[in-house]
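Each chain, letter by letter, is given below.
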2 protein chains.
Amino acid sequence: MKKITTIAVAGALLALAGTSSAQFAKPEDAIKYRKAAFSVMGAHFGRIGGMVNGQVPFDAAAVASNAQIVESMARLPWAAFGAGTDKGETKAKSETWSDAAKFKSLSDKLTAETAKLSAAAKGGNADAVKAAFGGVAGTCKACHDDFRAK
Amino acid sequence: MKKITTIAVAGALLALAGTSSAQFAKPEDAIKYRKAAFSVMGAHFGRIGGMVNGQVPFDAAAVASNAQIVESMARLPWAAFGAGTDKGETKAKSETWSDAAKFKSLSDKLTAETAKLSAAAKGGNADAVKAAFGGVAGTCKACHDDFRAK
């Protein structure tokens, strides 16, 4: 069963790799792109963090705007992890490709958790935002722990 | 009259700089962020370009999705051109700050032109997309010519 899942995921990643090679002329373009998407996501996630952690006064409109950008950005980097993008200026560990099923599962989780954060942010309740923020932060950390070199 | 406009724009940029220093802990964070936003925008704009120029078959859904990301990204970099972000790993020329009124006018034009591209893309008409694409490309070039070092 695990093997079937792995094969299915490998197939999905191959399809993705096909798309991404069409989308990026060179592997370094893909690497630059995914790092840029993570950077933009991180900057806006950090702004919500400042409010969740009380360093900056909670501003519901700012949280909603930042959360929407985080949600949009969270969908982007994955197409840029295609074949041949494991070398170069990247901190992505080889497990990104050798344990593609887990990587895919965490990227899907990030998409889901950032959607929850965006929904909570639209609601404007600080406690709900804080809970959803924690869900996203935990997903970032889980993926960085396994797939990103220190 | 020109002086009043310049003062008004300078005031607006000061307000922006206030916001951006609150948003970025260090000038290099702002520089990294704006470059990342331009990178993501450029990647998606380039994909539309491939279709507009006939290198890749025109795919209305892909154009619409890419154009929406371009439109969202086009709003982001400007808050990261605050005071103190003229030094470091940046190609932004000193005119970005000394001719702030013109820079602001071109950044507003990019926002408007990318919104037109996104609207045309939703319409799905290849000729309309091509025209709107030209409007965005011309705005990129005009700003790069004056404000970005080669």
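Look above for the structure.
A brief report on the enclosed structure follows. No experiment lies behind these values; they were computed from the predicted model shown. Throughout, a residue's number is its position along its own chain's written sequence, starting from 1. Each chain gets a letter, beginning with A, and each ligand a number, beginning with 1, in the order they are written. Under the rules for a predicted model, residues below a pLDDT of 70 receive no local features and side-chain atom pairs below 80 are neither given nor counted, while totals for whole chains, interfaces and linings still include all residues. As a convention, hydrogens and water are excluded, and side-chain values are obtained from all of the structure's heavy atoms.

1. A look at helix α2 (residues 27-52) of chain B
We apply this condition: Put simply, DSSP H or I for four residues or longer makes a helix, DSSP E for two residues or longer makes a strand, and each gets a number counted from the N terminus. In this analysis, the expected span of each helix is defined as 1.5 Å times one less than the number of residues it contains.
Here α2 of chain B spans 37 Å end to end across 26 residues, near enough to the 38 Å set by a 1.5 Å rise per residue. Where α2 of chain B ends, the next residue or the one after it, Gly 54 of chain B, has phi of about 80°, a positive value.

2. Some thoughts on the environment of Glu 71 of chain A
All names here are of chain A. As a reminder of what qualifies: Two residues qualify as a contact provided that any one of their heavy atoms is within 4.5 Å of a heavy atom in the partner residue.
Here Glu 71 lies in helix α3 (residues 60-74). Once the C-alpha coordinates of Glu 71 and Thr 114 are considered, the two residues, 43 residues apart in sequence, prove to be 4.9 Å apart. Setting aside anything within four residues of it in sequence, one finds Glu 71 in contact with Thr 114, Ala 115 and Ser 118.

3. Details of the interface of chain A and chain B
So the rule is basically this: A 1.4 Å probe defines the accessible area here, and the buried area is the portion of it lost by two parts on being joined, summed over both. Whenever Lys or Arg places a side-chain nitrogen within 4 Å of a carboxyl oxygen from Asp or Glu, that contact is recorded as a salt bridge. As used in this structure description, the phrase polar contact means that two N or O atoms lie within 3.5 Å; if the pair is within protein, one of them must be able to donate a hydrogen and the other to accept it, and residues adjacent in sequence are counted only when both atoms belong to side chains.
Every contact between the two is made by 14 residues of chain A and, on the other side, 14 residues of chain B. Between chain A and chain B, the buried area comes to about 1100 Å², and carbon and sulfur atoms account for 70% of it. For chain A, the biggest contributors to the area lost against chain B are Tyr 33, Val 40 and Arg 47 of chain A; these three give 40% of the whole. At the boundary of chain A with chain B, the tally comes to zero salt bridges. Between chain A and chain B we count two residue pairs in polar contact (both at pLDDT 80 or more) in total. Mapped by element, the contributors of at least two residues to the side of chain A that touches chain B are α2 (27-52) and α3 of chain A. Of the residues forming the side of chain A that touches chain B, the biggest block, nine residues, is contributed by α2 of chain A.

Everything listed here is a matter of geometry and, on its own, says nothing about what the molecule does.
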